[in-house]
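Here are the chains, one letter per residue:
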Amino acid sequence: MSAPHQDDIDDAPELLDAEDALEEVIDAEGDIAMDSDDDDDEPIEINLHNDSIAYFDAHKDSVFAIAQHPTQPSLIATGGSEGEGDDAPGKGYVFDTSPVVGRPVLPASYNADPSSQQPKSTELKPLFTIEGHSDSINTLAFTLPNGEFLVSGGLDGRLRTYQLSIDARNKPSFSFLAESQEVPEVNWLVPCPSQKYPNTVALGASDGSVWVYTIDSSDPANPMQIVQSYFLHTEACTAGSWSPDGTFLATVSEDSSLYVWDVWGEAAAKSLVNDNGQTVVSLTGQDQRFGVDGGLYSVAIDPKTTFVAVGGAGGAIKIVGLPRLGTDSQPVSSKQSKPKAKGAEAGSTQGGTILADLQTQSDGIETLAFSSKQPLLAAGSVDGSIAVYDTSRRFAVRRHIKEAHEEFSVVKVEFVAGLGDGWLLTSCGMDGVVRRWDVRGAASSKESSLAKEWRGHRGDGEGGGVLGFVQGSTGERVVTAGDDGVVLVFEA
């Protein structure tokens with residue numbers, strides 16, 4: 001990063017007038033002791049601005065993971081560690097936000113009794129405790145489409161599954177089903193969205209391997225069935241994303257490789273896989289057109305399964321076309337040489353072609369997200385900025401919000417699916433703030449994109465930040481996972 005720019009200033013020292021220089025200052029109190037550096041004498045009081053309507057504070061350390069039930073969005077699962085020590089076990093919780101009463105829409109001045117106190121933030125209690133991990137729980141997922149199972153992944157390499165039951169009074173309960181441990185550390189979990197392959201999850205591991213499980217409680221001998229396992233990444237697998245139809249699984253790695261796996265063999269049936277028989281796209285850092293020094297850390301597939309976006313170190317974003325199963329397109333591996341396509345539509349005929357090489361932000365791309373209703377791609381960077389690209393205009397920059405989270409890293413961006421017609425984007429960062437942006441308008445628009453923000457976590461280098469959030473399909477409530485060990489519920 002370049003050094004901060006400084007405007008030209010007058011370096012000449014400011015001189016005192018002669019009369020001021022000769023003025024005698026009388027010390028009426030004698031010597032005064034300097035302030036002590038010992039802060040233990042007086043406790044420091046930190047006043048936090050808190051916009052939350054509810055909180056959950058059972059965690060003893062950072063909350064690394066958060067997941068929301070797909071059909072009952074008031075059910076939230078969170079995971080973290082039981083302490084800062086290396087031997088601290090992982091622990092998680094499930095709680096229900098439905099009892100939380102929303103805040104009044106009008107300000108207090110419109111109240112019949114303006115002097116009455118505003119409702120206080122509601123304390124939430126756990127419904128279920130997720131245990132059995134010897135190290136931090138750093139990823140959680142409810143299976144799709146109906147959330148029949150909750151899956152937890154930890155830095156101990158364990159993958160643990162819990163079955164959800166809901167009684168006649170609509171009260172949920174969880175019971176442990178099974179456990180698998182095939183990897184040193186689980187880095188991420190994503191549920192497969194396809195109704196043809198329900199209750200399926202994929203994980204990426206610290207050893208670079210990728211695993212796909214289908215959970216079937218009707219088979220007590222093997223309730224966690226390994227569907228696929230892949231071993232082409234040579235370093236840690238950092239992120240993964242299913243295509244919206246659940247056909248493909250895209251994964252990236254610190255070794256700067258991208259693989260798009262043909263998990264269910266649908267591409268193989270049409271002779272659209274690479275020579276390895278496993279992928280429809282196979283690109284590595286050995287390809288100079290694709291390689292990113294420092295590795296890849298985020299990935300997303302567009303709503304039409306036309307192309308995949310990957311983000312990596314130094315602000316690099318690559319757009320790669322995907323084959324259409326209904327066409328005779330041919331896959332591309334890193335060993336093949338193909339000309340760069342001119343636009344997004346090339347993905348419909350050239351699987352594996354590099355469609356665009358984007359470089360707007362100055363530091364690593366931690367998170368990527370597509371809008372489900374608009375041709376938009378959002379990228380959040382370690383440099384604190386958010387870039388929004390128009391995928392229908394050769395990935396032109398629509399917005400570059402340079403200080404979206406000031407100088408603190410952007411952790412997650414996600415478009416609101418059921419509100420704002422696909423223009424509303426929610427983000428969180430290590431500044432401890434959650435923000436919502438309206439990204440309509442051209443890049444040259446002088447109007448602020450900020451629609452709303454929520455505060456309550458510490459952040460700002462004070463041992464906090466927001467490590468993740470869920471917002472359901474409507475975005476009416478945002479629930480956060482805090483690095484300060486607190487989960488907050490905000491109302492839009």
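Each value, and the rule that gives it
Residues numbered from 1 in each chain as written. Predicted model: local features only at pLDDT ≥ 70, side-chain atom pairs only at ≥ 80, totals over all residues. Heavy atoms only, no water. Salt bridge = Lys/Arg side-chain N within 4 Å of Asp/Glu carboxyl O. Buried < 20%, exposed > 50% of the residue type's maximum accessible area, 1.4 Å probe, protein only. Helix = DSSP H or I, 4+ residues; strand = E, 2+ residues; numbered from the N terminus. Contact = heavy atoms within 4.5 Å. pLDDT = per-residue confidence, 0-100. Pairing = 2+ DSSP bridges. Phe/Tyr/Trp six-rings, centres within 6.5 Å; stacked < 30°, edge-to-face > 60°.

Summed over the entire model, instances satisfying the criterion amount to 18 salt bridges. Between K91 and E82 there is a salt bridge whose closest N-O contact spans 3.9 Å. On the basis of relative accessible area, K91 is assigned to the buried category, the value being 19%. For E82, a relative accessible area of 18% gives the class buried. Salt bridges linked by common partners bring K60, E82, K91 and E131 together as one network.

By the secondary structure assignment, K91 is in strand β4 (residues 90-96). Contacts of K91, omitting those with residues within four sequence positions, involve H59, G79, G80, E82, T129, I130, E131 and I137.

Moving on to the confidence of the model for the chain. Of all residues in the chain, 80% have pLDDT values of 70 or greater, and the mean over the chain is 86. Confidence drops under pLDDT 50 across residues 1-37; counting only partners more than four residues distant or on other chains, this segment forms two contacts. Considering only residues more than four positions removed or in separate chains, one finds that residues 105-111, a stretch of pLDDT under 50, has four contacts.

Another aspect to go through is the pairing of strand β34 (residues 477-482). With five of its six residues buried, β34 lies for the most part within the structure. By the bridge criterion, four bridges tie strand β33 (residues 466-470) to β34 in an arrangement that is antiparallel. The partner of G468 across the bridge, within β34, is A481. Linkage of β33 to β34, two consecutive antiparallel strands, is achieved through a turn of six residues, within which G472 is found at a positive phi near 65°. Relative to strand β35 (residues 487-491), β34 runs antiparallel, the two being bridged by five bridges. Paired with T480 across the strands is L488, a residue of β35. Hairpin connection between β34 and β35: a loop of four residues separates the two successive antiparallel strands, and G485 in this loop has a positive phi of roughly 85°.

Scanning the model with the defined rule gives 13 aromatic pairs in all. Their ring planes at 70° and their centres at 5.4 Å tell us that F128 and Y162 sit as a pair that is edge-to-face. With F128 in strand β6 (residues 126-133) and Y162 in strand β9 (residues 158-166), this pair connects stretches of sequence that are 34 residues apart. Overall, the relative accessible area of 2% leaves Y162 in the buried class. Aromatic ring contacts, followed pair by pair, group F128, Y162, F174 and F176 into a single cluster.

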